[in-house]
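Remarks on the overall topology
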Amino acid sequence: MFSKEVYMSRRKKLKEEIKNGIILVCGNELSPMNCEDNTYPFMQDSTFLYYFGLDRENLFGIIDVDNDKDYIFGNELTMDDIIWMGPQVTLKEQCESVGIENVHSLDELNEFMTNLQKEKKTVHYIPQYRHSLMIKMADWFKVSPNDINKNISENLCFAVANQRNIKTPEEIEEIEKAVNITRDMHLAAMKDIKPGMMEYEVDAILENISRSQNSGLSFPTICTINGQTLHNHYHGNKIKEGDLLLIDAGARIESGYCGDMTTTHPVSGKFTERQRDIYNLLISMFDKAEELIKPGITYLDVHLAVCKVLAKGMIERNILKGNPDEIVKNGVHALFMPHGLGHMMGLDVHDMENIGEPIVGYNGNKKSSQFGLSSLRLGRTLETGFVFTVEPGIYFIPELISKWKSENKFSEYINYDELEKYLDFGGMRYEGDYLVTENGNRRLGNKMPKYPDEIEAIREEAFK
Ligand code: GLY
Ligand code: MN
Ligand code: MN
């Protein structure tokens with residue numbers, strides 16, 4: 001948690017942007033897994049955390065722009081709560097620590113909302129994703145829960161996204177802590193993976209490193225010998241000699257900030273010649289992004305430049321043919337990289353995904369619907385203070401290759417005979433986290449192995 005001045009100044013800035021009305025920021029409730037008292041681990045809503053800093057369930061924040069007053073609505077612990085969960089800092093004290101003097105109960109919130117309706121005040125809110133909250137809001141606003149997300153405030157969405165997209169020095173410090181724990185997770189796995197292990201054993205190593213530094217996970221870990229499946233959450237395979245193990249995992253630290261990294265490991269300790277060749281192409285894509293990232297360029301252009309490196313690389317390997325610009329323009333390369341180059345990162349691993357990519361990642365501009373580009377979460381002009389991932393990948397997805405071949409798709413650009421030699425290759429991705437600086441960029445966190453020799457040198461430790 002930051003000092004109360006940080007939260008007060010964030011709310012003040014938001015008020016200046018919104019100008020009038022009432023801003024409602026819902027905190028999260030506990031969510032049952034299978035019954036009321038057996039809940040998922042609590043995760044606070046990140047917008048609530050950003051403006052109110054309180055990592056406690058069942059709170060609502062109100063920013064009254066018209067009267068320049070901020071409120072928290074929530075209940076103090078009852079004796080029953082204290083018996084079961086132990087004594088805790090009072091809500092009133094917690095609220096003081098984030099600069100809120102107006103603290104009221106949830107019953108009073110119902111009254112407050114009824115009065116707002118009577119006064120016909122505009123209530124601004126961002127899109128909601130928890131159904132229990134949508135039902136509560138529907139009750140206040142006398143609409144169907146299905147209509148809650150039809151009445152969101154676009155102004156508020158833009159204001160929140162534009163404020164949260166620029167990371168301040170104290171946020172960058174937190175993100176960097178998360179990135180360094182993420183790095184420790186990947187390095188521990190890199191030093192430990194051996195043929196014969198199960199994927200879930202590596203998954204456990206990753207989680208253990210994070211948990212032992214008082215941190216959680218920023219998203220469910222991907223740890224798979226089938227890296228060609230982009231978001232593969234199955235961990236039940238045995239890891240064999242010659243396999244590539246793709247790990248995409250990140251830490252979420254106590255303050256809520258996230259890290260996100262992908263590494264691809266040669267299980268035998270050394271890459272095969274073919275694996276090393278494709279891996280080198282992957283890293284040249286990553287390095288191209290790093291070379292280009294600076295304020296003023298669009299991330300769409302960085303993505304396209306990286307795709308051009310991929311297209312050229314595939315032409316050199318006789319898998320593609322023709323002009324790399326045309327290949328990229330037509331989206332042929334998306335056969336090997338169907339996803340985007342990266343996404344904003346902060347209090348959410350895909351930062352503010354609930355507010356929506358068109359606003360967060362495209363500043364209201366339209367996103368392409370072309371296969372591949374349609375999965376690019378970030379396309380907007382880069383500004384100093386943006387933090388996002390760079391995550392090129394190269395995948396040989398047998399089902400997709402076979403579908404395109406059967407349709408004779410892009411056969412003027414694709415040497416299917418050559419490509420089919422790679423059907424058993426799998427997939428690779430390499431991901432790092434970047435800050436846009438005034439003059440360029442900085443990869444966050446301590447140095448991370450990237451080139452094949454660096455990775456193989458660390459992999460040797462697994463076999464000592
Ligand atoms: N964890 C998915 C991603 O890297 O975006
Ligand atoms: Mn990732
Ligand atoms: Mn990512």
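Here is what the cut-offs are and how they apply
- Residues numbered from 1 in each chain as written.
- Chains lettered and ligands numbered in written order.
- Predicted model: local features only at pLDDT ≥ 70, side-chain atom pairs only at ≥ 80, totals over all residues.
- Heavy atoms only, no water.
- Helix = DSSP H or I, 4+ residues; strand = E, 2+ residues; numbered from the N terminus.
- Rg over C-alpha atoms; globule rule 2.2 N^0.38 Å.
- Contact = heavy atoms within 4.5 Å.
- Areas by Shrake-Rupley, 256 points an atom, 1.4 Å probe, with all protein chains shown as cover.
- Lys, Arg positive; Asp, Glu negative; His and termini not counted.
- Charge placed at Lys NZ, Arg CZ, Asp CG, Glu CD.
- Pairing = 2+ DSSP bridges.
- Axes fitted to C-alpha atoms, helices over the stretch in contact; angles between N-to-C directions.
- Donors = N, O, S within 2.8 Å, 3.2 Å for Na, K, Ca; no water.
- Tetrahedral: all angles 85-135°; square planar, octahedral: opposite > 155°, others 65-115°.
- Buried < 20%, exposed > 50% of the residue type's maximum accessible area, 1.4 Å probe, protein only.
- Patch = residues over 30% accessible without salt bridge, like charges linked within 9 Å, V, L, I, M, F, W, Y side chains within 5 Å.
- Salt bridge = Lys/Arg side-chain N within 4 Å of Asp/Glu carboxyl O.

Here we come to the overall build of the protein. Summing up its helical and strand segments, the protein has 16 helices and 17 strands in all. The C-alpha atoms of the protein give 24 Å as radius of gyration, which agrees with the globular expectation for 464 residues (23 Å, within 12%). Sequence-distant contacts, at least 24 apart, represent 73% of the contacts inside the protein between residues at least 6 apart. For the protein, the accessible surface area stands at approximately 20400 Å², while carbon and sulfur atoms represent 49% of it. Taken as two groups, the 52 positive and 72 negative side-chain charges of the protein have centres that lie 4 Å from each other.

We now examine the sheet that holds strand β4 (residues 60-64). As summarised here, the arrangement of the five strands in space is β6-β5-β4-β1-β7, forming an open sheet in which the pairing is mixed. In this open sheet, the two edge strands, each paired with only one partner strand, are β6 (102-104) and β7 (123-124). With five bridges joining them, β4 and strand β5 (residues 69-73) adopt antiparallel strand pairing. Across the sheet, the residue bridging to Gly-61 is Ile-72, located in β5. Across the sheet, helix α5 (residues 106-118) is in contact with β1 (22-26), β4, β5, β6 and β7; its angle to β5 comes to roughly 135°.

Each protein donor to the manganese ion (ligand 3) is listed here as Asp-260 (OD), His-343 (NE2), Glu-391 (OE) and Glu-431 (OE); together their distances run 2.1 to 2.2 Å. Classification of the site at the manganese ion (ligand 3) rests on its six donor atoms, whose angles at the metal span 52 to 156°, yielding the label irregular. Sequence spacing among the residues donating to the manganese ion (ligand 3) works out to D-x82-H-x47-E-x39-E. The two metals, the manganese ion (ligand 3) and the manganese ion (ligand 2), are separated by 3.1 Å and share Asp-260 as a common coordinating residue. Of this pair, His-343 sits in the loop between α12 (324-330) and α13 (357-360) while Glu-391 sits in the loop between β13 (387-390) and β14 (393-395), and the two are 48 residues apart along the sequence. An identical accessibility class is assigned to His-343 and Glu-391; each is buried.

The next subject is the sheet that holds strand β9 (residues 222-224). Across the sheet, which stays open at both edges, the three strands sit in the order β9-β10-β12 with antiparallel pairing between neighbours. If you trace the sheet from one side to the other, it starts and ends with β9 and β12 (261-266), each paired once. Direction aside, the axes of adjacent strands within the sheet are offset by 10° on average. Its contacts with the sheet put helix α8 (residues 169-190) on β10 (244-249) and β12, and the angle it makes with β12 is roughly 10°.

Moving on: the environment of Ser-284. Looking at the secondary structure, you find Ser-284 in helix α10 (residues 273-292). Under the relative-accessibility criterion, Ser-284 is labelled partly exposed at 30%. Separated by 26 residues in the primary sequence, Ser-284 and Leu-310 have C-alpha atoms spaced 8.5 Å apart.

A surface patch of negative charge is lined by Glu-76, Glu-93, Glu-96 and Glu-101. Mapped onto the elements, Glu-96 comes out in helix α4 (residues 91-96). The exposure class assigned to Glu-96 is partly exposed, which follows from its relative accessible area of 42%.

A four-donor tetrahedral metal ideally has 109.5 degree angles, and a six-donor octahedral metal ideally has angles of 90 or 180 degrees. Taken together, the protein ligands of the manganese ion (ligand 2) are Asp-248 (OD), Asp-248 (OD), Asp-260 (OD) and Glu-431 (OE), with distances of 2.0 to 2.7 Å. In terms of primary sequence, the donors binding the manganese ion (ligand 2) are separated according to D-x11-D-x170-E.

Geometric values such as these leave the question of function open.
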